[in-house]
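Residues per chain are reported as follows:
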Amino acid sequence: MVVQYWGVRGSVAVPGPETVRYGGNTACVSVDLGELILILDMGTGAIPLGKYLLGSHKRIVAAFSHLHLDHIRGFPMFAPLYDEECAITLIGYDTGANDWFPTDMLDGVHFPANYLNIPCSIAKTPSSLLPGALGEHGRLSVLPVNHPGGALAFKVESGSQVLVHVPDNELVPGTASYRSLVEFARGADLLSHDAQYAESEYREKAGWGHSSWQRACGLALEASVNRLTLFHHDPDHDDEALDDIQRLSTQMFSPQTCVVAYEGLRIDLGVTGDTYP
Ligand SMILES: [Zn+2]
Ligand SMILES: [Zn+2]
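Read on for a plain summary of the structure. Within every chain, residues take consecutive numbers counted from 1 along the sequence as written. Chain labels run from A onward and ligand labels from 1 onward, assigned in the order the entries are written. At least 70 in pLDDT is required for a residue's local features to be given in this predicted model, at least 80 for side-chain atom pairs to be given and counted, and no such filter applies to totals for whole chains, interfaces and linings, which use all residues.

So, on to the overall build of the protein chain. Numbering of helices and strands runs from the N terminus; a helix is a DSSP stretch of H or I covering at least four residues, while a strand is a stretch of E covering at least two. Helix and strand counts for the protein chain come out as 5 helices and 15 strands. Between the two quantities, the radius of gyration covers C-alpha atoms and the globule rule is 2.2 Å times the number of residues to the power 0.38. Computed over the C-alpha atoms, the radius of gyration of the protein chain is 18 Å, within 12% of the 19 Å expected from 2.2 N^0.38 for a compact globule of 277 residues. In terms of overall dimensions, the protein chain has a C-alpha envelope of 50 × 40 × 40 Å along the principal axes. Across the 277 residues of the protein chain, 47% fall into the buried class. Between the buried cut of 20 or more and the exposed cut of 12 or fewer other C-beta atoms within 10 Å of a residue's own C-beta lies the partly exposed class, and all C-beta atoms are placed from the backbone.

A few words on the environment of V142. For V142, the position within the fold is in strand β9 (residues 139-145). Taking the C-beta count within 10 Å as the criterion, V142 has 18 such neighbours and is therefore assigned partly exposed. For V142 and G23, which are 119 residues apart along the polypeptide, the C-alpha to C-alpha distance reads 27 Å. Once residues lying within four places of it in the same chain are set aside, the contact partners of V142 are L130, L152, A153 and F154. We call two residues in contact when the distance between their C-beta atoms, placed using the backbone, is within 7 Å.

A few words now on the sheet that holds strand β12 (residues 190-194). Strand order across the open sheet formed by 6 strands is β9-β10-β11-β12-β13-β14, with mixed pairing between neighbours. Across the chains shown, the open sheet's two edge strands, defined by having one partner strand only, are β9 and β14 (258-260). Taken over all neighbouring pairs, the strand axes of this sheet differ in orientation by 15° on average, direction set aside. A pair of strands counts as paired when DSSP detects no fewer than two bridges linking them. Of the strand pairs in this sheet, strand β13 (residues 227-231) and β14 are connected by 3 bridges, and their pairing is parallel. Following the sheet pairing, T229 is matched in β14 by V259. In the packing of helix α4 (residues 213-222) onto the sheet, the strands contacted are β12, β13 and β14, and the crossing angle to β13 comes to about 155°. Axis lines are fitted through C-alpha atoms, for helices just across the contact stretch, and the angle between N-to-C directions can take any value from 0 to 180 degrees.

The strand order across the open sheet formed by 7 strands is β8-β5-β4-β3-β2-β1-β15, and the pairing between neighbours is mixed. Of all strands in the sheet, those bounded by a partner on one side alone are β8 (121-125) and β15 (266-268). Across the sheet, the mean angle separating the axes of adjacent strands is 20° when strand polarity is ignored. Bridging between strand β5 (residues 87-91) and β8 involves 5 bridges; their strand directions are parallel. Of the residues in β8, the one forming a bridge with I91 is T125.

To continue, consider the nonpolar core. By convention the nonpolar core is taken to be a set of buried residues drawn from Ala, Val, Leu, Ile, Met, Phe, Trp, Tyr and Cys and joined through C-beta atoms within 7 Å. Counting residues in each nonpolar core, the largest one holds 74 residues, and the members touching the most others are L38, I39 and L163. Apart from residues lying up to four places away in sequence, L38 is in contact with V31, L33, V61, L134, L140 and V156.

Within β12, 5 of the 5 residues are buried, which leaves the element mostly enclosed by the surrounding structure. The pairing of strand β11 (residues 161-166) with β12 spans 4 bridges and is classified as parallel. Considered in β12, the bridge of L163 is made with L190. Every crossover in which the path from the first strand over the helix to the second runs clockwise, viewed with the strands pointing away from the viewer, is termed right-handed. Taking the sense of rotation as the criterion, the β-α-β connection linking β11, helix α2 (residues 176-185) and β12 turns out right-handed. In terms of strand pairing, β12 meets β13 through 5 bridges, oriented parallel. Residue pairing across strands places L190 opposite R227, the latter belonging to β13.

Moving on, we come to α4. Within α4, the full set of buried residues consists of W213, R215, A216, C217, L219 and A220. Along its buried surface, α4 packs onto α2, β12, β13, α5 (239-249) and β14. Just beyond α4, the residue with positive phi is S224, at close to 55°.

What follows is the structure, given as structure tokens:
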């Protein structure tokens, strides 16, 4: 299983010279499972991912943690949509009454293209069928987490390898939600978690649905995961601020086991002890 980060920013895309090293695109992570590639959220990071996937002949499956704009905004610009050779399976997001699909954005009003004219082959899978969505390539499961309006944590299991990706979540130690997530993530090869704030910033933003990097590190220790990536960076955190978080977090973890996610970060769970590029 190879995990790659295409967008690591939370809330809103922030391109520019101050974010050039970690990247300004919003949440999008790919999980390469051989002939199948799983996409976890399609923020603006899905735009470079789409260009990368053109011509790859991989089966594409996309799932969504929730429907905030920073997790869906890249879908209309996902290049495989406009390639008749491509096939995409979309897993619906349960909105309570029914499943929502990102194709609903392509209505000719919110975006110029209309879903009915999209040339690629799109299959829609209800969220109830999510556990079997990867077929023989692995198992996908989810856990509701603490975020305004609701959101999901993802677990991807393939062979003996386990990824737990939690794009948006406010960690409050001692709560039932926290304890459930500790068990959900326990022993994972890689935990990837919302780390939008420093703890000093979090105090003014409690209830906004995001975690400090210190709390993400605490979860990783409690769940005994092998590696941690800090994800969903605050749009006001420039490269220097993220360098500081990387430096401070390595007082709790080695640089080999904790990394502040950046665009282009690629982690092969089949390789242990590698250094990050
Ligand atoms: Zn978000
Ligand atoms: Zn959100």
